[in-house]
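Below are the chains, spelled out letter by letter.
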Amino acid sequence: ETAMKETEEIAKKEADETAKKEADETAKKEADELVEKEAYDPSGALIFKNILFDFDKNFLRSLSEKELDKIVTYMKNNEKMKIVIDGHADWMGTDEYNDALSKRRALSALSYIQTKGIDKNRIEFRYFGESKPVAANANPDGTDNPKGRQLNRRCEFRISSSSQPVSIVMKF
């Protein structure tokens, strides 16, 4: 009987882990599709979208690199433009861990931009851990919200200075 309970507990744990992984993969796919849409808004302004990260990771997805390439191109064409990169995390993990993770995410984006020829003096970075979510990490009933957590695992971009009028929209 004890062996049966242990087997049932192991099976339940594996099923829970599989369900969580599938939910995270679905959320990632939906978020990537959202990021891939429209590069310009109806007014013709260029859109810089947030880049998203996998759970507990700071490596750049291919769609993130495409978005960063768009920023690099714009910065090369507007040499006085500076940007600020803000790194964020979802609420899984300790505050200290998420602060460090959001810093690594911001630094990943910064490093990528620098490798494309943008001077580091034109890029600032900040990190906020889990303190500035853009979506709920949990559903109203308290259950996990993988879609919300995915949107919170991000870097945001802001223009910090430019001598020219800028027609840019920052959004997801």
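Residues numbered from 1 in each chain as written. Predicted model: local features only at pLDDT ≥ 70, side-chain atom pairs only at ≥ 80, totals over all residues. Heavy atoms only, no water.

1. Considerations on the packing of aromatic side chains
Step number 1: Here the structure, examined in full by the defined rule, presents 1 aromatic pair.
Step number 2: Measuring from centroid to centroid gives 6.3 Å for Phe125 and Tyr127, while their planes differ by 20°, and the two rings are stacked.
Step number 3: The class of Tyr127 is partly exposed, set by a relative accessible area of 38%.
Step number 4: Across the ring face of Tyr97, the terminal group of Arg104 is positioned such that the distance to the ring centre comes to 5.7 Å. (Phe/Tyr/Trp six-rings, centres within 6.5 Å; stacked < 30°, edge-to-face > 60°. Buried < 20%, exposed > 50% of the residue type's maximum accessible area, 1.4 Å probe, protein only. Lys NZ or Arg CZ within 6 Å of the ring centre and 35° of its normal.)

2. Thoughts on the packing of helix H2 (residues 62–77) against helix H3 (residues 95–115)
Step number 1: The geometry of H2 relative to H3 is characterised by a closest axis approach of 10 Å and an angle of 55° between their N-to-C directions. The orientation of H2 relative to H3 falls into the category oblique. Pair H2 / H3 crosses with right-handed handedness. Residues Glu65, Leu68, Asp69, Ile71 and Val72 of H2 pack against Ala109, Tyr112 and Ile113 of H3. (Axes fitted to C-alpha atoms, helices over the stretch in contact; angles between N-to-C directions. Helix = DSSP H or I, 4+ residues; strand = E, 2+ residues; numbered from the N terminus. Parallel < 35°, antiparallel > 145°, perpendicular 65-115°, else oblique. Left-handed = near helix turned anticlockwise from the far one by under 90°. Contact = heavy atoms within 4.5 Å.)

3. Brief notes about H3
Step number 1: Spanning 21 residues, H3 covers 30 Å between terminal C-alpha atoms, matching the ideal 30 Å at 1.5 Å per step.
Step number 2: Of all the residues in H3, the buried ones are Asn98, Leu101, Ser102, Arg105, Ala106, Ser108, Ala109, Leu110, Tyr112 and Ile113.
Step number 3: Once H3 ends, the next one or two residues include Gly117, with phi positive near 100°. (Expected span 1.5 Å × (residues − 1).)

4. Some details on the nonpolar core
Step number 1: If you look at the biggest cluster of nonpolar residues, it comprises 21 residues, and the most contacted ones within it are Leu68, Ile83, Ile85, Ile113 and Phe157.
Step number 2: Of all the secondary structure elements, the ones that give two or more residues to this core are H2, strand E3 (82–87), H3 and strand E5 (154–161).
Step number 3: In this structure, Ile113 is in contact with Leu68, Ile71, Val72, Ile83, Ile85, Ile118 and Ile123, ignoring residues within four places of it in sequence. (Core = buried A, V, L, I, M, F, W, Y, C linked by side-chain atoms within 4.5 Å.)

5. Brief notes about the confidence of the model for the protein chain
Step number 1: Per-residue confidence for the protein chain gives a mean pLDDT of 82, with 76% of residues at or over 70.
Step number 2: H3 holds the highest mean pLDDT among the elements of the protein chain, 97, whereas strand E6 (residues 168–171) holds the lowest, 47.
Step number 3: Of the regions scoring below 50 in pLDDT, residues 35–42 engages in 19 contacts with residues more than four places distant in sequence or in other chains.
Step number 4: With pLDDT under 50 throughout, residues 165–172 is counted as low confidence; its partners more than four residues away or in other chains account for 31 contacts. (pLDDT = per-residue confidence, 0-100.)

6. With respect to the pairing of E3
Step number 1: Taken across its 6 residues, E3 has 5 buried, putting it largely inside the fold.
Step number 2: In this structure, E3 lies alongside strand E4 (residues 123–127), joined through 5 bridges in parallel fashion. In the strand pairing of E4, Ile83 is matched with Ile123.
Step number 3: In this fold, the crossover linking E3 to E4 by way of H3 has right-handed handedness. (Pairing = 2+ DSSP bridges. Right-handed = clockwise from strand over helix to strand, strands pointing away.)

7. Examining the side chain of Glu156
Step number 1: Structurally, Glu156 is set in strand E5.
Step number 2: Looking at Glu156, its side chain comes within polar contact range of the side chain of His88, at 3.4 Å.
Step number 3: Only 3.0 Å separates the side chain of Glu156 from the side chain of Arg154, close enough to count as a polar contact. (Polar contact = N/O pair within 3.5 Å; in protein donor to acceptor, adjacent residues only side chain to side chain.)

8. A look at the pattern of salt bridges
Step number 1: Summed over all chains, the structure comprises 8 salt bridges.
Step number 2: One salt bridge in this structure joins Asp54 and Arg61, with 2.8 Å as the shortest N-O distance.
Step number 3: Assessed through its relative accessible area of 6%, Arg61 is described here as buried.
Step number 4: A salt bridge links Asp90 to Arg153, with the nearest nitrogen and oxygen atoms 2.9 Å apart. You can see Asp90 sitting in the loop between E3 and H3 and its partner Arg153 sitting in the loop between helix H4 (146–152) and E5, a full 63 residues away along the chain. Arg153 carries the same exposure label as Asp90, and that label is buried.
Step number 5: Among the ionic contacts, a cluster of salt bridges with common partners joins Asp90, Asp144, Arg149 and Arg153. (Salt bridge = Lys/Arg side-chain N within 4 Å of Asp/Glu carboxyl O.)

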